[in-house]
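# Tertiary structure, described
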Amino acid sequence: MDDSGSLEIRWIRGFRNKSVGFVDNKTVCYTCGSHICFLNLETKIRSVFQGPGRDIGALTANGNNGMFAFSEQKLSPSIFVYTFPDFQLKNELKGTAQLDYTSLTLSDAAPYLGCCSSLPDHTITVWNWENAEPICTQPQAGRDVISLVFNPLNWQQLCALGTASLTVWNIEKSASFHVLKPSVIELPATDGSFVERLVHTSVSDKLPYFGPEMPPSAISRLKGDKAESVVAKLYTKARLTPTAICWTATSELYVGCAEGFLLLVEPESLSVSVLFNPTTADAIPELRQSNFQGLTVNKNGLIAVGKGSVVHCLQIKGIQLDITQKWQLEGPVTTVMYSPDYETLLLSSKTGQIYMLNSTWSDKIVKVLDDLSSNFVTAALSHADKNICVSVRDSGELQLWSTDGLCLSNLSLQAEVTSLACCPIAQYAAVGTTSGNVLFIDLNREQQPRLVHQVHLYRTPVDHLVFDQDGQYLFTGASDSHIYVLEAKPSKRFSVIGYTVVPGTILSLSTQCIRQLKQVKVLALCSEQEGKTHDGSLLTVLSLPARDLAGSDCVDRHGCLSSHILQVSRYKVPHPLKSCVLGVREVFAYCHKKKTLQRFQLPQDTDNVSSQQVVQLEPEQEEKGHPLGPASLLLSTHQLWLASVGRDGLLRIRETASMERYIELQCHSCRLGGVRSVSFSADSQTLLTAGFKDGSLVCTNLRIKGVGAGKVNKATLYSQSMDHFLKNIFNTENPILIDWPEWVHGSPAGTEKPEESQVSGGAEIVDVTEQDESYNNLLSAPPSHPTWLESRQEAVLKEENEQYSETKKNLRKTIRELRDTIQEMMRENENVPNIERLEQHEFNLDFEEQRRLEAMVEQEVTRVKNEIKWEILAQCYLRDVLKRECWDSMKVKGKAIKAFHSEHEVKNYPLKERTEKDMEDLRRVQNMRKLEKAACTQSSLKKSSNTTSPKEVEQAEEGHEGQCAAVTGSFSAQLGYSNPYVYDQFSLQTTEQRINQIILLQDVIFRIKTSFNADFEATHRQKVQELNHVRDRNRHIREIMLELDMNEKLWEPSLTNSEWPERLLTVDDSEIKAEKYLTPEQKEEEERKKLEEQRRLAAKGDNVRGRALEDMMDGVLQVKKEDILKMEIPPPEFVLTKPDMHWSEEEKKVYKEYEKKTKDLSEEKEKYKKSLETEMKKLQASTKDATERFDETLTKLFEKKVKCEMAIYQEELKITYLVYSVLIEEEMRNRDLELKLKLEKTLAYKDKVGEELKIHEEEVELFHETYESIVAEDKVLDKEFRKEFFDVSSHVVDQLYKLFKRRPRIQKIRTQTDNNPSPFKEQHLCGSLAPDTLGKMLKAMEELDAPENTPEGLNPAIWERFCVVRRTKVESEQKVKLKALTLAEMQAFLQKRRDEDKAVQQEIKNLSDELESLHKEKNRFLTDIMVQVLLKQGQVEVSTAHLTADYTDSVLHHRNVVEDLNRAIRTLAEQKIASMVECKDFRKGIIQLQWEHKMMGMHIEDLNSRARDIQMLRLSEDQQEYLNKTDRDSRVSKQVSILEKTIAFQEKTHEQSVQHRIKKIEQLNRQAAIKAGKNSVVEQQLPEMQVTVAERRHIYKAIASEEHQAAKTEERYQEIVQRKNLEDFARAQAENLAFLWAEVERLRMKNFPSLDQLTHN
């Protein structure tokens, strides 16, 4: 069939709104699917051009020269350039684009085309389309470009409009060499202001900054172009977003912005002017809401369109803007342009409308195209009327089209549609919607289609609608497996006959009418797996008789078709199918898995096969399908042709007899989803296809020639026979349809209400109980919009209720009586004895319902338990994570200590365990510092031993230590926590030293915190002890208050959560408010434990002794002193029985003794009460004193915490400065690398520019030589003129020479060559690319060469020879001019390259200078170390940051004058200091002499007193004898003999004592043995004695506590008094010491005046 037929596009409709352009003065072109449509604005005639590829990408057109160009959409796409209207291919441009082109543009003045490719190269290329060569290209330049526009006056300017940028590319030319150079337009900020790039400040203005300012790229460690782009985005204010551009007649640019601004850009100077600012107060109100979507210029000003539906004509004078004219449209437009002759204004919108304004005809805008831009869902050709096509869009628009492609009418269905089918017996169409409705549209009035009926069939979208060929039935299908059969005749009111259910989701539905058997067969392709809606392998064939099925035996009560009416056959295919169509005893299918077309033969004998039996089918023929599936199939009306369409956008037609051959046509875009639907006409020679997402509708004619022409005749004959067969039915049914009223919701004519569905569910339903009534009524409530099947079921239910209402009423009455009886029995059962009482479940009559409810409750309980379980699990996981990260990982947990009598609180330092890496770094740094200090010490010793004395070395070291202590920068050394290896602040020169210093300072901070935490823990333990003591005292106080019958609230402090944080991790039972749930196993365990406790108490036995002691004496052997308050002395018996007058003497004596005892007891009670009260007050005072002492301890701890905090903050401040210096050094290093990289790139670019400059200089030199030779040749022609006419007389030669110099006037040339009314009249032509001026000159010379201009008497042969010579001269002159233009162009290009070379050199110099200054700054920063110095309290440095000096009254002196003055001041100061030192030394000598004189006087006085004492000294006789005797040896020997005798006597005495002790030890051993025997006896008596001792100990302790407490109180009182005396003494000593220090300071200031006013320069 591929050789004998073809497919031709008849017409195409749709509008993608990608690009619209003029190809001549009256014709516009636009893309439509995979085609280009051309619309003649005058005749409204359309033509279609199909591209060579499968899809159309970017499109551009140029009406001045009748060209259009487009790109294809595929890998490595090409650009095709065609002429209009002959559609001749000029050239195919194969560029470097890999995926697609985003924009194309054609130049008006030259054969050039500009294009921009998409990912990944983003290349802007300018082509010469005549020879298909790129003249210049720029990669990575069109990253966000959406539009390219050539300057109409200068093709060497190309404007690129980006999503957020605007760039003008200048094409610089030198002979045949071209290069693209960008000029980026800096747009204003969003507020209309012109600002430079924001200056980055790394720190706040409130904080001081010490160091060089680095750019953001160095701070962020970014390099290269990426750094510049990121920094530009971060540190630049938001700028305007350009949306539209337009070149002016002065080569300027109008730019419209999304924010409503209108700008004027001058590309040469890159200056930007704001013509319209919507944010100003004087802005035109009508333009404030416009965002200038489209701009174009005309002679009167600027045409602008925006978001609104108004077109404005603006007149611009300078920067003033006025509206001169405006037009109102139906909706907003996005594109506006003029025709090449500037007579027609074209406007297009996104919704598919194109408007035209031709001011020469009318001042009104006319709509010339109204193709909606939404996508088509499906389309169909009407079989009843061959001149109508029907289509529906996803927006719910139904459209009628003529056979010529004219849109006849639109109807908005106000619903999302899914399917469409046209009836063959009446002029209407059925439309399926996503809500499950089927709409019936009357198409008899082509200009006004109307909705006449609708029926609700599904809760899901209606996926399939199909009529049988004879128009008997309408079949519907959806994903719920229901197939409904409706009457297709309007006379049957489109009633629903019935339904049937097929197994699985319905994927495809087709019909076949067999007139011989009077049967209608339906083929449904079903998916076996539920939810699988892509393909299926189960075929179901339904057979219905072609007769009236209105009888009651055709369907059951619920509307399901009866089995004797509906015959069902089921078939299974080996591979899943995507779509299938039913032929005559055969099935054609498409298998997407194998990408093949398959033919299946259905078995003929199916009478003996049951409806549930599945027959296996095998394909009889398989042919290759579409390259990109899935595909859909459709049979022609005469069953001989098979059409297939797929996602590849191809339409293929095959003969059913020979499927291997086909003809195809690319109808739709494969990138946009291909073809969605296809439809045959009644004669099978016209096809209608709808695209998936390309928004196009294509009508195609099938042309068959040669051998296949017979099949065309068969199709025509079949169509005629069908028309004849259906004509009578059509004439009968169509008038009925015409008379139908338009459908209105709820109208009787339009609503499907069968007899069974005329029920609203109003029957009264009474149930057993009131609760059941409400529940069942809720269940039986119909939905708001019931489907036909639900209405049918509701009608059946109502009929059953009416039929069995009496029986139901009796049953309900019986059940109610039975319920009352059972309830009475249950009430009686509550009153009977327990032995006769029945269990609750024994009254249950419905065990199944009970089990169902219990199972339902259990299921709900299980679900809730699982939810709670997972929620608890999540909370536990979160708890574990938080505990692990914030608690377990802490070596020291965070806690606090609060004071007892204030809100004072002290917190510790939470610490984590130092990692192994931290410890390793610390050890490494310490080892390094040890080596450094050892080496430094050794070198300093050697140096000092050679140069200075040991005493000087010692003094220098002491001074150095004192200086280090002064500038250490923190209190850590004074607190005793300093690390001995910490560097001196002045010796931190390298980055490594600073990093090491940071590690050492962190160790110092850790030591401070650890030490404070140790003190904190001690204080915390002390508070716990104090709390225990307070708790013991309060317990004793409560006992006393109980004896005294007092009820006062005691102060009982306790640990808070912050002091005891571990308590937060445990949950007490008191915190849980809900009752604890116990499982049956836990309940059994609790009962078991209770029984065990009871058995243990019972087994413990009866302690008779203890019970007797408890009963007699409250468990003690003696009366407690506390019981005195409870004691009462009973009066004598006679007091109660006799009056006092009858008492005897004995009785009176007894009564007096009673009164005395009563008085003594009361006195004892009062005394005991006072002692208790005193003891209670002492306990309370002791508690208060102890807590106050603890508060003082806590205050001291807080003071230490403050000092630790100061030290920590100081160390952290040093660490911060060190980290900051390390970061600054790294930033400077990054900046250094960045500058070096820039310098390398610039040097490489400099080399490249230098090479290019050298090449261009050589080219210019060669061309200049060529130009001079041509000029010389031209001069030779002038000189040789007389020699050419040597045979003519001289006066004639003179006359001819005048004519030889004569040329046509320029104004005449302009009049002849330029009649364009465009605002772009004067085109600036560039060099060799100017139009053929030589041809125009020669054409203008024809008038001068005319024979009538021949001089009188001149021979015609000579005149002809003269004309030839003059033409040669004119050609030479034009050649010289052309060469001169080219030479000037080359010289300008060379000058630009020289300027570029100079700019590069200057940039290199700037980078080198910046690099050098960076190195100097880096060296200065490394040597200029920041040192932290501690200042005494009250000593504040004055900031000079805000010092403003006023120099208005100052005199300018030379620097030498100031230096001489400073030198003189310093000399005088030194002299003054020397005289002061001399005075000080002299005064010191006087004082020293006075002190020595006083010392000598005291020495004399001391010697005199000693002499007097010696004279008055009294001596004993022994002393006198010792002094008088001279024989010292005899005296010593005598003393020695006496001592020896004494020693001998003592030794003898010692031996006797030893013997005595040995005897005593033996006696003690014998006594110990006796005692051991007695001890064994006592140990046996020990248990009994321990009980007695314990009882007596309690008694003695109670008696002795009072005496012990008094002694302790007296001792405490003495301690307090002694402490108070010591404090008073210390205070007095401190006051004296302070007074003495003040006096010393006063005397020192008196002797040494201050020299602070002396300034050293």
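The structure displayed is predicted, hence computed values, not measured ones. (Residues numbered from 1 in each chain as written. Predicted model: local features only at pLDDT ≥ 70, side-chain atom pairs only at ≥ 80, totals over all residues. Heavy atoms only, no water.)

Moving on to the nonpolar core. Most often, soluble globular proteins have nonpolar side chains that are buried together. In terms of nonpolar packing, the biggest core is built from 30 residues, with I897, L1000, I1008, F1012, L1194 and L1197 touching the most fellow members. Mapped by element, the contributors of at least two residues to this core are α9 (916–947), α12 (991–1043) and α16 (1145–1279). Counting residues per element, this core draws most heavily on α12, at 10 residues. Not counting residues up to four positions away in its chain, the partners in contact with L1194 are I897, K898, A899, H904, V906 and T1019. Of all hydrophobic cores here, the second largest spans 29 residues; its members include I425, A430, Y484 and L726. (Core = buried A, V, L, I, M, F, W, Y, C linked by side-chain atoms within 4.5 Å. Buried < 20%, exposed > 50% of the residue type's maximum accessible area, 1.4 Å probe, protein only. Helix = DSSP H or I, 4+ residues; strand = E, 2+ residues; numbered from the N terminus. Contact = heavy atoms within 4.5 Å.)

This paragraph deals with the pairing of strand β4 (residues 35–40). Most of β4 sits out of view: five of its six residues are buried. Bridging between strand β3 (residues 27–32) and β4 involves six bridges; their strand directions are antiparallel. Note on β4: the bridge partner recorded for Y30 is C37. Here β3 folds back onto β4 in antiparallel fashion, the turn holding two residues, of which G33 has a positive phi close to 65°. Pairing between β4 and strand β5 (residues 46–50): five bridges, direction antiparallel. In the strand pairing of β5, H35 is matched with Q50. (Pairing = 2+ DSSP bridges.)

With their axes 9 Å apart at the nearest point, α12 and α16 run at an angle of 170° to one another. By the angle between their directions, the pair α12 and α16 is classed as roughly antiparallel. Partitioned by chemical class, the residues of the contact of α12 with α16 number 27 nonpolar, 13 polar and 14 charged. (Axes fitted to C-alpha atoms, helices over the stretch in contact; angles between N-to-C directions. Parallel < 35°, antiparallel > 145°, perpendicular 65-115°, else oblique. Nonpolar A, V, L, I, M, F, W, Y, C, P; charged D, E, K, R; others polar.)

In this structure, N996 sits in helix α12. In sequence terms N996 and Y983 are 13 residues apart; their C-alpha atoms lie 8.7 Å from each other. For N996, the residues in contact, after removing those within four places along its chain, are R924, V925, M928 and Y983.

Attention now moves to the sheet that holds strand β36 (residues 437–442). Reading across from one edge, β34-β35-β36-β37 is the order of the four strands in this open sheet, with antiparallel pairing throughout. The strands lining the two open edges of the sheet, one partner per strand, are β34 (417–422) and β37 (450–456). When strand polarity is set aside, the average angle formed by the axes of neighbouring strands in this sheet is 20°. When strand β35 (residues 428–433) meets β36, the two strands line up antiparallel, connected through five bridges. Across the sheet, the residue bridging to G432 is V438, located in β36.

Bridge count for strand β23 (residues 301–305) against strand β24 (residues 310–317) is four bridges, and the pairing is antiparallel. Bridging across to β24, V305 finds its partner in V311. In this antiparallel pair of consecutive strands, β23 and β24, the connection spans four residues. With eight bridges connecting them, β24 and strand β25 (residues 320–328) associate as antiparallel partners. Each bridged residue has a counterpart across the sheet, and for Q315 the counterpart in β25 is D322. Taking the residues that link successive antiparallel strands as the turn, the β24-β25 hairpin has two residues, and the phi of G318 there is positive, at about 70°.

Before going further, it helps to spend a moment on the packing of α16 against helix α21 (residues 1356–1423). Viewed as axis vectors pointing N to C, α16 and α21 meet at an angle of 160°, and their least axial separation amounts to 7 Å. The angle between the axes of α16 and α21 places the two elements in the roughly antiparallel class. With respect to the hand of their crossing, α16 and α21 are arranged in left-handed fashion. Classifying every residue of the contact of α16 with α21 gives 27 nonpolar, 12 polar and 22 charged. (Left-handed = near helix turned anticlockwise from the far one by under 90°.)

Let's shift gears to the sheet that holds strand β51 (residues 631–635). Reading across from one edge, β51-β52-β53-β54 is the order of the four strands in this open sheet, with antiparallel pairing throughout. The open sheet has two edge strands, β51 and β54 (662–666), and neither has a second partner. Averaged over all pairs of adjacent strands, the angle between their axes in this sheet comes to 20°, without regard to strand direction. Here strand β53 (residues 650–655) runs beside β54; their pairing, made up of five bridges, is antiparallel. Across the sheet, R652 pairs through a bridge with E664, a residue of β54.

In short, the description is geometric, and any link to function would need to be established separately.
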